[in-house]
Every structure is written in C-alpha cells, then in structure tokens.
Amino acid sequence: MQPTHFWNCGVTSKRVDFSGLLGALSSGGVRFVVTGGLAAGIQGAPVNTFDVDIVHERSTENVTCLMKVLHELDARIRDLTGRDLLPDPVALSGPGHHLLYTRLGALDVLGHIGHDTDYPRLLNESTVLVSHGISCRVQTLESLIRVKEEVGRPRDLAMLPVLRQVLKQSRE
C-alpha cells in the first residue's frame, strides 16, 4: 500500500505537538493506529482536537516499546485528584483507556474503541499516511463513522454529518 502524505491537514494545537508525539511513538517501534479527532482531521474533517488518540497493539513486546517511549516523554496519568501516577505496563496490556499527559501534550492510549474495535481489527480499517517523514496508520473515515454510530454519545453523533460529508467529498 502506497502511503498518502498529509502535510497540510489543518489540525493544529498550541497544547499538543502532534508530530512530536507520533514521531516518538513511530521511532520507538510502537505499533498503533491513530483514531479520534486527529484521524478525522488528518483526512480533511474540520475538527479541533487537543490530544492524540491511539489504539495500540497490546502484546508484551509492543507494550515494552510503548513504556520506553512513555518514559522518555515523562508521561503521567491524567488524574483528577492530582496524584502523580505513572503508566503501568500491566494495565496497558489490557483493553482499558489510559489518558496520559506528556511533555508534548495529551496522549490517550486506548486498548480498544467502540464496543470491541481493537488493534487487530483496526489494521484492516486503517491506511498508512506520512507527514514530516513520519509514517503511521490512521483509522479510515468509514471506520470512524462506524465506531461513532456504535458508541452513540451525543458528541459522536454530532460529528457524523461532518465525517460523512468529508467521506463523500473524498470519493468524488
């Protein structure tokens, strides 16, 4: 599959270094798929996002690579009570959601999305994109739409018309 370049995707944030986070994960050998607002924005959806959402492969080898990168990024769990909590490799091996803050911004490390869309499934529902020399897998618009319909939260349902329009325009 030939990678697509997304040089000017329009997704920016003063709070998150998207390229820095994705570059660190990629160069650290972490296997992951970009999802959420960044995946939508990369593919042309006019969205704002304040974090990087990824679904990672939960193998021992990949979690070890992920933990090394998280350590290098000074990652901490975003804890509402203010505790200083480090990511846990055992927890990262499970299906849960891990909301982290790093020196490059917010990173949500997700074991799955929707009702049971995990890394192996997302491999078939993603495409390889390249930006600034960083190659990574990004969840397709079709898959994003399916998961948002599945979850059915008001904010997800509100985004569906935008995603459908972008998908329609990308096919024209």
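Above this text is the structure in question.
Residues numbered from 1 in each chain as written. Predicted model: local features only at pLDDT ≥ 70, side-chain atom pairs only at ≥ 80, totals over all residues. Heavy atoms only, no water.

### Here we look at the environment of Ser 131
Part 1 of the reasoning: The residue Ser 131 is located in strand 7 (residues 126–131) in this model.
Part 2 of the reasoning: On a C-alpha basis, the gap between Ser 131 and Asp 53 in space is 17 Å, while along the polypeptide they are 78 residues apart. (Helix = DSSP H or I, 4+ residues; strand = E, 2+ residues; numbered from the N terminus.)

### Topic: the side chain of Asn 62
Part 1 of the reasoning: Tracing the sequence through the fold places Asn 62 in helix 3 (residues 60–72).
Part 2 of the reasoning: On the basis of relative accessible area, Asn 62 is assigned to the buried category, the value being 0%.
Part 3 of the reasoning: Of note is the side chain of Asn 62, whose polar atom sits 2.7 Å from the backbone nitrogen of Arg 31.
Part 4 of the reasoning: In contact with Asn 62, not counting residues within four places along its chain, are Gly 29, Val 30, Arg 31, His 56 and Glu 57. (Buried < 20%, exposed > 50% of the residue type's maximum accessible area, 1.4 Å probe, protein only. Polar contact = N/O pair within 3.5 Å; in protein donor to acceptor, adjacent residues only side chain to side chain. Contact = heavy atoms within 4.5 Å.)

### Focus on the packing of helix 6 (residues 141–151) against helix 7 (residues 154–171)
Part 1 of the reasoning: In the contact formed by helix 6 and helix 7, the axes pass within 10 Å of each other and the chain directions differ by 160°. Classified by the angle their axes make, helix 6 and helix 7 are roughly antiparallel. Here helix 6 and helix 7 pass one another in a crossing that is left-handed. Between helix 6, through Leu 141, Glu 142, Leu 144, Ile 145, Lys 148, Glu 149 and Val 151, and helix 7, the contact on the second element is made entirely by Asp 156, Leu 157, Met 159, Leu 160, Leu 163, Arg 164, Val 166, Leu 167 and Arg 171.
Part 2 of the reasoning: Along the lines of polarity and charge, the residues of the contact of helix 6 with helix 7 split into 10 nonpolar, no polar and 6 charged. (Axes fitted to C-alpha atoms, helices over the stretch in contact; angles between N-to-C directions. Parallel < 35°, antiparallel > 145°, perpendicular 65-115°, else oblique. Left-handed = near helix turned anticlockwise from the far one by under 90°. Nonpolar A, V, L, I, M, F, W, Y, C, P; charged D, E, K, R; others polar.)

### As for unusual backbone geometry
Part 1 of the reasoning: For Asp 74, which is not glycine, the phi torsion reads 55° and is therefore positive.
Part 2 of the reasoning: Secondary-structure assignment places Asp 74 in the loop between helix 3 and strand 4 (76–77).
Part 3 of the reasoning: On the basis of relative accessibility, which here comes to 45%, the residue Asp 74 falls in the partly exposed class.

### Focus: the pattern of salt bridges
Part 1 of the reasoning: All told, the structure shown has 13 salt bridges when counted by the stated rule.
Part 2 of the reasoning: Note that Arg 76 and Asp 84 form a salt bridge whose closest N and O atoms lie 2.7 Å from each other.
Part 3 of the reasoning: Taking relative accessible area as the criterion, Asp 84 reaches 59% and is therefore assigned exposed.
Part 4 of the reasoning: For Glu 149, the salt bridge is made with Arg 164, and the minimal N-O distance between the two is 2.4 Å. Of this pair, Glu 149 sits in helix 6 while Arg 164 sits in helix 7; the two residues are 15 residues apart in sequence, bridging distant segments of the chain.
Part 5 of the reasoning: Judged by relative accessible area, Glu 149 falls into the partly exposed class, the value being 41%.
Part 6 of the reasoning: In the salt-bridge network here, residues are joined through shared partners; they are Arg 121, Glu 125, Arg 146 and Glu 150. (Salt bridge = Lys/Arg side-chain N within 4 Å of Asp/Glu carboxyl O.)

### What to know about the state of the cysteines
Part 1 of the reasoning: Per the stated rule, a full pass over the model turns up 0 disulfides.
Part 2 of the reasoning: The cysteine Cys 65 is free of any disulfide, with Cys 136 supplying the nearest cysteine sulfur at 16 Å. (Disulfide = S-S within 2.5 Å.)

### Some words on the pairing of strand 2 (residues 32–35)
Part 1 of the reasoning: Neither face of strand 2 is left uncovered, since the one carrying Phe 32 and Val 34 and the one carrying Val 33 and Thr 35 both have all their residues buried.
Part 2 of the reasoning: Pairing analysis gives 4 bridges linking strand 2 to strand 3 (residues 51–56), with the strands arranged antiparallel. By the bridge assignment, Phe 32 is partnered in strand 3 with His 56. (Pairing = 2+ DSSP bridges.)

### Details of the side chain of Ser 126
Part 1 of the reasoning: With respect to the helices and strands, Ser 126 occurs in strand 7.
Part 2 of the reasoning: Judged by its relative accessible area of 7%, Ser 126 falls in the buried class.
Part 3 of the reasoning: Here the side chain of Ser 126 touches Leu 122 through a polar contact of 2.9 Å, landing on its backbone oxygen.
Part 4 of the reasoning: For Ser 126, the side chain forms a polar contact with the main-chain oxygen of Leu 123, separated by 3.3 Å.
Part 5 of the reasoning: Setting aside anything within four residues of it in sequence, one finds Ser 126 in contact with Val 33, Arg 137, Val 138, Gln 139 and Thr 140.

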